[in-house]
Amino acid sequence: MIFLILTSVAIIIEEVKTPISKWLYYYDVYFVTGVFIIEYLLRLWVYNDVHKIIIAEYEESLFLERPFDTKRVLKEIVKKKLEYILSPLAIIDLLAILPSYRELRILRIFVLFRVFKLLRYSQNISHFFQVLASKKIELLTLLMLVAFTILVSGISIYVFEEQHNPHINTLYDAFYWALVTISTVGYGDIAPVTHEGRTITMIIILVGVGLISFATSIIVSAFSEKLNEIRENRIIHTAKKLDNYYVICGFTHMAQLLAKRFKREGIDFLIIDSDAEVVERALAEGYLAICEDATQADAFRHINFDHVKAVMALTQTDMHNIYICLNIRSFSKECFIISNAVDPNAHKKLKLAGADYIISPYITAGFFAAKIIDEPIAIEAINDILIARKNALCEQVEVIKGSFLEGKKVGEINFDRYKLILLGIVKTEESLPGEKFYHKFIFNPDDDVILEVGDILVVMGYTVSIANFKSLVIESSLKHGKKA
Amino acid sequence: MAKKHKILLFGFGRYGEQIAKNLALDGHHVAIAASSKEELKTASKDGFEDLYVVDIQNDTQLTDLVLDKDFSHIFCSFDDEEKNIYLTITFRSLFRHIPIIAICESKETERKLRLAGATRVIDTMVAAANRLYYIVEKPAVAEAIDEILFRDKSIVFEEIEIPKGSFLDGVNIKDIAFSKKYKIIVIGLVDKELGNRFIFVTRGINHKIDAGDVLVVVGKKDDIENFKKLLGVKP
């Protein structure tokens, strides 16, 4: 669409100097216009649902036991369609079609209206108009004021100078001069020559400065009022384009650490917090964040849960977390929900509210604390792995169909060569219903355990070795695929 | 489990409660000290018997408590981070060598606790946040860690110090197939020649094991016990 518009405008510029080729002319007149006409008609068609009007009328007539009134329905439909035709955007569309009628030269300028059509496809401009629309009353007042000043000063200059000033011959000249002066542009092509004229000029210059600052302040205040909303819209817009992302409710300390980790791993996420200041901080970190109350249904109206990998309720109070879980469950039955729990008693409630997994820093701390006394080095090692601090990682590698891992015995794979440690294998077992996660974990499997497709190896090693191993697995499966 | 320690745990809030329970589960003797009777009441409800009301500002009281009962570890697990820092520094000034373990919720506090002299610091929030990350992104790893660390009590992590003259003394680490022969996995070691740092074996360096080095292994409890017997580690 944008291409069509740009070519159309390019053609008209070219046409000014040189006659254009026949093909370009045909392209402009028939193709571009054709597309525009189709677009116009389609937009007119989908503007409202005609069926609904007919059905509503039919039901009403049944209810009131009166004959079905075709005329009324038609009138209603035409009214609705007219409503669209008269809307500003539709008028722009229509004007963009008109210039195809080349015989009228003045209409050629309407080609530029095709440029206006560009606005239609841009989000930002519609925001701009929304902002201006919110200050309708103020802007109207301003317009009236300007019109009034132009009228008064224009007429008075006309009266005073028409006889003396060679440049002012008509009332139109006078209005033109008034507007140029009032806007502080002051071309100087028309200048007052009489004392009376100059006095008026001085007055309207002062008035003009006032009016301009008035106009600026209206627009600025409108924008600053709407700025947050616009920014939020932009973020939601960006979030809508994401696929497979996480939603984090509550930008608490734990959420911040998680966000940092996600960012490092290049994983997308959206933060929702009800505190504007907290959201500000998240934005400053470069995260996507919106200021909404996650306990309200309204907060998720823009989020398509099909694209959300998991929602995390990480606020500091169990009550909020429970509300959030319930809230999300009302949108999506399948979405994976993880919730923070402060009080151990809240676990059951959170489960009931729909949380799939519950995390509690207190319980995690408890686990770690108990082990740290006996096995400080081991715990620190595990911690390093978990935090990925020293480039040492714990990773999962899936046995892909066709890869060199498939069907092999554990003993046949020389993990040492890849500089990896095999901690264990997670075997997926279909036979256990109800469990959502992976099941049987085999620690340090014997050499004769056979790897099957879908098994997941849990390996430990340095980032480089793991990346290397993973790419080898994928490569081998691709090669196999080619052979087959 | 190797030795049973006598642990003095301060604070019985949200953290203290969980930590005390886990420590007790592992068979340690846990004494609980708190600044108010209220906290101790919940502790006694949970079955803890060794309870003390202390004023953490009172140095003599703290000294007497530790010396009388001969506690081997101090655990600072107040929910309030500042109290943990204060307590850590107090104990470090009173006892030079006693192991102090403290919990914290932020990097800033962790730094302060280390400066104050804590032997081990657990950043609970980091632990929880990273756990969360593994659960959503790498569920198999999370499962494995859960299984090894917490669920399957027969699988344990152990640090084994190599005794002098044992069959590992002076041997290169790559020459021994630990996982096949002894059914244990060596994750890393502290090679005294290279300083006191923990090194993952996956680094690929073929370390020469000497007496005094510490191997960090994971495996079934029985397998580890057998391995230790072979090494001649005194129980």
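Residues numbered from 1 in each chain as written. Chains lettered and ligands numbered in written order. Predicted model: local features only at pLDDT ≥ 70, side-chain atom pairs only at ≥ 80, totals over all residues.

**Q** Pulling in residues and values, what's your account of the overall build of chain B?
**A** When helices and strands are counted, chain B shows nine helices and 10 strands. Residue pairs in contact within chain B that sit at least 24 positions apart in sequence constitute 57% of those at least 6 positions apart. (Helix = DSSP H or I, 4+ residues; strand = E, 2+ residues; numbered from the N terminus. Contact = placed C-beta atoms within 7 Å.)

**Q** For the overall build of chain A, give the residues involved together with the corresponding values.
**A** For chain A, the helix and strand inventory stands at 17 helices and 10 strands. The contacts in chain A between residues at least 6 apart in sequence include a share of 63% that link residues at least 24 apart.

**Q** Tell me about the sheet that holds strand β2 (residues 269-273) of chain A, residues and numbers included.
**A** All names here are of chain A. The sheet built from six strands is open, its strands ordered β3-β2-β1-β4-β5-β6 with parallel pairing. The open sheet has two edge strands, β3 (288-291) and β6 (357-359), and neither has a second partner. Taken over all neighbouring pairs, the strand axes of this sheet differ in orientation by 20° on average, direction set aside. Sheet topology places strand β5 (residues 336-340) next to β6; three bridges connect them, and they run parallel. Bridge pairing links serine 339 to isoleucine 358 in β6. (Pairing = 2+ DSSP bridges. Axes fitted to C-alpha atoms, helices over the stretch in contact; angles between N-to-C directions.)

**Q** Could you give an account of the interface of chain A and chain B, with specific residues and numbers?
**A** Contacts between chain A and chain B engage 59 residues on the former and 66 residues on the latter. Examining the composition of the side of chain A that touches chain B, we find that 14 residues originate from one element, helix α15 (residues 361-374) of chain A, more than from any other. Across the side of chain A that touches chain B, the residue classes break down as 42 nonpolar, eight polar and nine charged. (Nonpolar A, V, L, I, M, F, W, Y, C, P; charged D, E, K, R; others polar.)

**Q** Which residues make up the packing of helix α11 (residues 253-265) of chain A against helix α6 (residues 124-137) of chain B, and what values go with them?
**A** Here α11 of chain A crosses α6 of chain B at 50°, and the two axes come no closer than 8 Å. It follows that α11 of chain A is oblique to α6 of chain B by the angle criterion. The crossing of α11 of chain A and α6 of chain B is right-handed. Between α11 of chain A, through His253, Met254, Leu257, Leu258 and Arg261 of chain A, and α6 of chain B, the contact on the second element is made entirely by Met125, Val126, Ala128, Ala129, Asn130, Leu132 and Tyr133 of chain B. Taken together, the residues of the contact of α11 of chain A with α6 of chain B break down into nine nonpolar, two polar and one charged. (Parallel < 35°, antiparallel > 145°, perpendicular 65-115°, else oblique. Left-handed = near helix turned anticlockwise from the far one by under 90°.)

**Q** Please give an account of the sheet that holds strand β3 (residues 51-53) of chain B that cites residues and values.
**A** Sheet strands pair by backbone hydrogen bonding; their relative direction is either parallel or antiparallel. All names here are of chain B. On the basis of which strands lie adjacent, the open sheet formed by six strands has the order β3-β2-β1-β4-β5-β6 and parallel pairing. If you trace the sheet from one side to the other, it starts and ends with β3 and β6 (120-123), each paired once. Between one strand axis and the next, the sheet turns by 20° as a mean value, whatever way the strands run. Relative to strand β5 (residues 100-104), strand β4 (residues 73-76) runs parallel, the two sharing three bridges. In the sheet register, phenylalanine 75 faces β5, and the bridge partner there is isoleucine 101.

**Q** Give me the packing of helix α3 (residues 50-64) of chain A against helix α4 (residues 70-85) of chain A: which residues, what numbers.
**A** All names here are of chain A. Direction vectors running N to C along α3 and α4 enclose 150°, while the axes themselves pass 10 Å from each other. For α3 against α4, the interelement crossing comes out right-handed. Only Arg72, Val73, Glu76 and Ile77 of α4 make contact with α3, whose side of the interface consists of Val50, Ile53, Ile54 and Glu57. Across the contact of α3 with α4, the residue classes break down as five nonpolar, no polar and three charged.

**Q** I'd like to hear about the confidence of the model for chain A, residue by residue, with values.
**A** Chain-level statistics for chain A give a pLDDT mean of 80 and a share of 90% at 70 or above. Here residues 431-438 of chain A is a poorly scored stretch, pLDDT under 50, and it has 10 contacts once near neighbours within four places are set aside; other chains count. (pLDDT = per-residue confidence, 0-100.)

**Q** Account for helix α10 (residues 195-241) of chain A, naming residues and giving values.
**A** All names here are of chain A. Taking 1.5 Å of rise per residue, the 47 residues of α10 would be expected to cover 69 Å, and the 65 Å separating its terminal C-alpha atoms lies within 8% of that figure. If you check which residues of α10 are buried, you get Gly197, Ile200, Ile204, Gly208, Ile235 and Ala239. Buried residues belonging to α10 abut α8 (136-161), α9 (171-182), β2 and β3. (Expected span 1.5 Å × (residues − 1). Buried ≥ 20, exposed ≤ 12 C-beta atoms within 10 Å, placed from the backbone.)

**Q** Which residues make up helix α16 (residues 376-387) of chain A, and what are the values?
**A** All names here are of chain A. Here α16 spans 16 Å end to end across 12 residues, near enough to the 16 Å set by a 1.5 Å rise per residue. Listing the buried residues of α16 in full gives Ala378, Ile379, Ala381, Ile382, Ile385 and Leu386. End-on view of α16: buried residues confined to an arc of 155°, all on one side of the axis. (Arc of directions from axis to C-beta.)

**Q** Break down unusual backbone geometry for me, with residues and values.
**A** With phi around 60°, asparagine 244 of chain A is a residue other than glycine that occupies positive phi space. Residue position: asparagine 244 of chain A is located in the loop between α10 and β1 (245-249). According to the C-beta neighbour criterion, asparagine 244 of chain A is exposed, with 11 such atoms within 10 Å. Of note in this structure, aspartate 70 of chain B is not a glycine but carries a positive phi near 60°. Looking at where aspartate 70 of chain B falls in the secondary structure, it is placed in the loop between α3 (59-69) and β4.

**Q** Go over the nonpolar core with me, naming the residues and quoting the values.
**A** Residues Ile248 and Ile271 of chain A together with Ile187 of chain B are the most contacted members of the largest nonpolar core, which totals 153 residues. Per-element accounting of this core gives the leading share, nine residues, to α6 of chain B. Filtering out sequence-adjacent residues up to four positions away, isoleucine 187 of chain B remains in contact with Ala381, Ile421 and Met460 of chain A together with Phe200, Val201, Val216, Val217 and Val218 of chain B. Counting 13 residues, the second-largest nonpolar core is a separate cluster that includes Ile157, Phe160, Trp177 and Ile204 of chain A. (Core = buried A, V, L, I, M, F, W, Y, C linked by C-beta atoms within 7 Å.)

**Q** Mind laying out the confidence of the model for chain B, listing which residues take part and the relevant values?
**A** Interpretation of this model should avoid reading the predicted coordinates in detail wherever pLDDT is low. Residue and element names in this part refer to chain B. Per-residue pLDDT for chain B has a mean of 80; in total, 94% of the residues score no lower than 70. Within chain B, no element has a lower average pLDDT than helix α8 (residues 178-181), which sits at 72, and none a higher one than helix α4 (residues 81-94), at 88. Confidence metrics for the complex model read pTM 0.66 and ipTM 0.74.

**Q** Describe the pairing of β3 of chain A, naming the residues involved and giving the relevant values.
**A** Residue and element names in this part refer to chain A. Because side chains alternate across β3, one face comprises the buried residues Leu288 and Ile290, and the other comprises Ala289 and Cys291, equally buried. By the bridge criterion, four bridges tie β2 to β3 in an arrangement that is parallel. Across the sheet, residue isoleucine 271 finds its bridge partner in β3, namely alanine 289.

**Q** Describe the environment of aspartate 268 of chain A, with residues and values.
**A** Residue and element names in this part refer to chain A. Counting through the fold element by element, aspartate 268 comes out in the loop between α11 and β2. With 18 C-beta atoms packed within 10 Å, aspartate 268 lands in the partly exposed category. For the pair aspartate 268 and tyrosine 245, spaced 23 residues apart in sequence, the C-alpha separation works out to 4.9 Å. Filtering out sequence-adjacent residues up to four positions away, aspartate 268 remains in contact with Leu242 and Tyr245.

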